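Reading the structure
Chain by chain, the residues:
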Amino acid sequence: MNLKELKSCLQKRPELNLAIALPDGRLVPAHDHVTEVGHVVKKFVDCGGTFHTTESCVLQTFVGSSIDDGHRLAAGKLAQILGFADAFRPTDELAVEVEYEDGLVSQFPLTGAGLVGDVLTLQLGLKHTDCLAREKCGIEESCGCGGEPAPAEAGSCCVDPTGSRACC
């Protein structure tokens, strides 16, 4: 989900409280709040020598004391916080990621938003590593099955009904 899509969701229902759903279905504690909005530019070279640049909007969350359980982040408040970053963000087309600490600090891509009861729930997905120079490294194409090459058997998780390799 990009920033433009997120802002649109937030502005449609500014009075709603927000929930953040982790990829495993657990919810970030309701008394969390967004402490940073970042424009992150990552410049890197892959193992085959090709240079890349990616950009994203990273929202850092912080879960304070559960004593402050009355604190709830509303959609309108998050829209306001996102607006503070308009001065330095180059575009609203940036993919949104959420940084959350639960034993480890992790970043999750924002994959969608929707109503669950009377709460606007932001759904987080998983990030995966990959080799960006597969051909140069002699690695067969993978489609997300644990980094292994796609099995050729029909009915496997990486083969579509026609028997062609497809992502899971």
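A brief report on the enclosed structure follows.

Definitions and limits used
- In every chain, residue numbers begin from 1 and rise along the written sequence.
- Given that the model is predicted, a residue must reach a pLDDT of at least 70 before its local features are reported, and side-chain atom pairs must reach 80 or more before they are shown or counted; all residues, however, enter totals for whole chains, interfaces and linings.
- The side-chain values count all of the structure's non-hydrogen atoms but skip hydrogen atoms and water molecules.
- Only runs of H or I of at least four residues qualify as helices and only runs of E of at least two qualify as strands under DSSP, and these elements are numbered from the N terminus.
- Relative accessibility under 20% of the residue-type maximum defines a buried residue, over 50% an exposed one, and the middle range a partly exposed one, all with a 1.4 Å probe and only protein chains included.
- Residues count as neighbours in contact if any of their non-hydrogen atoms are within 4.5 Å of one another.
- Cavities and pockets are defined on a 1 Å grid built over the protein atoms alone: a cavity is a set of grid points where a 1.4 Å probe fits but cannot escape, while a pocket is an open set with protein on both sides within 12 Å along at least five of seven lines, and lining residues are those with an atom within 4 Å of any such point.
- Grid points are joined across faces, edges and corners, and a volume is the space filled by probe spheres set on the points.
- By the convention used here, strands pair only if DSSP detects at least 2 bridges between them.
- Under this scheme, a helix contributes an axis fitted over its contacting stretch, all axes are lines through C-alpha atoms, and angles between N-to-C directions fall in the 0 to 180 degree range.
- The rule for a salt bridge is simple: a side-chain nitrogen of Lys or Arg has to be within 4 Å of a carboxyl oxygen of Asp or Glu.
- Directions pointing from the helix axis toward each C-beta atom define the arc.
- Polar contact is defined as a pair of N or O atoms within 3.5 Å, subject to the rule that within protein one atom must be able to donate a hydrogen and the other to accept it, and that residues adjacent in sequence are counted only when both atoms are side-chain atoms.

Another aspect to go through is the side chain of serine 56. Position of serine 56 among the secondary structure elements: in strand 3 (residues 51-63). A relative accessible area of 10% places serine 56 in the buried class. Those residues within four positions of serine 56 in sequence are excluded, and the remaining contacts are Gly38, His39, Val40, Leu94, Ala95 and Glu97.

We now examine the layout of surface pockets. When its volume is computed, the second largest pocket comes out at roughly 300 Å³. Around the second largest pocket, the lining residues are Val40, Lys42, Phe44, Thr54, Glu55, Ser56, Val58, Ala95, Glu97, Gln107, Pro109 and Lys127. Taken together, the elements giving at least two residues each to the lining of the second largest pocket come down to strand 2 (32-45), strand 3, strand 4 (95-101) and strand 5 (105-116). Here the lining of the second largest pocket gets 4 residues from one element, more than from any other, and that element is strand 3.

Once that is clear, we can look at the sheet that holds strand 4. Judged by pairing direction, the sheet is mixed, and its 6 strands sit side by side in the order 1-6-5-4-3-2 without closing on themselves. Edge positions in the sheet fall to strand 1 (17-21) and strand 2, since each of these pairs with one other strand and no more. With strand direction ignored, the average angle separating the axes of adjacent strands in the sheet is 40°. Strand contacts of helix 1 (residues 3-12): strand 1, strand 3, strand 4, strand 5 and strand 6 (119-124), with the helix running at about 160° to strand 6, the strand carrying the most contacts. Each of strand 1, strand 2, strand 3 and strand 6 is contacted by helix 2 (residues 75-84), which is oriented at about 40° to strand 2, the strand it contacts most.

To continue, consider the pattern of salt bridges. Under the definition given, this model contains 9 salt bridges. Glutamate 15 is the salt-bridge partner of arginine 13, the closest N and O atoms lying 3.0 Å from each other. The salt bridge partner of aspartate 86 is arginine 89, with a shortest N-O separation of 2.3 Å. According to the relative accessible area criterion, arginine 89 is buried, its value standing at 7%.

A few words now on helix 1. Taken together, the buried positions of helix 1 are Leu3, Leu6, Lys7 and Leu10. Buried residues along helix 1 cover an arc of 95° about the axis, so they all sit on one side. Residues Lys4 and Lys12 are exposed on helix 1 and point more than 90 degrees away from its buried face. In this structure asparagine 2 caps helix 1, since a side-chain oxygen of it lies 3.1 Å from the backbone nitrogen of lysine 4.

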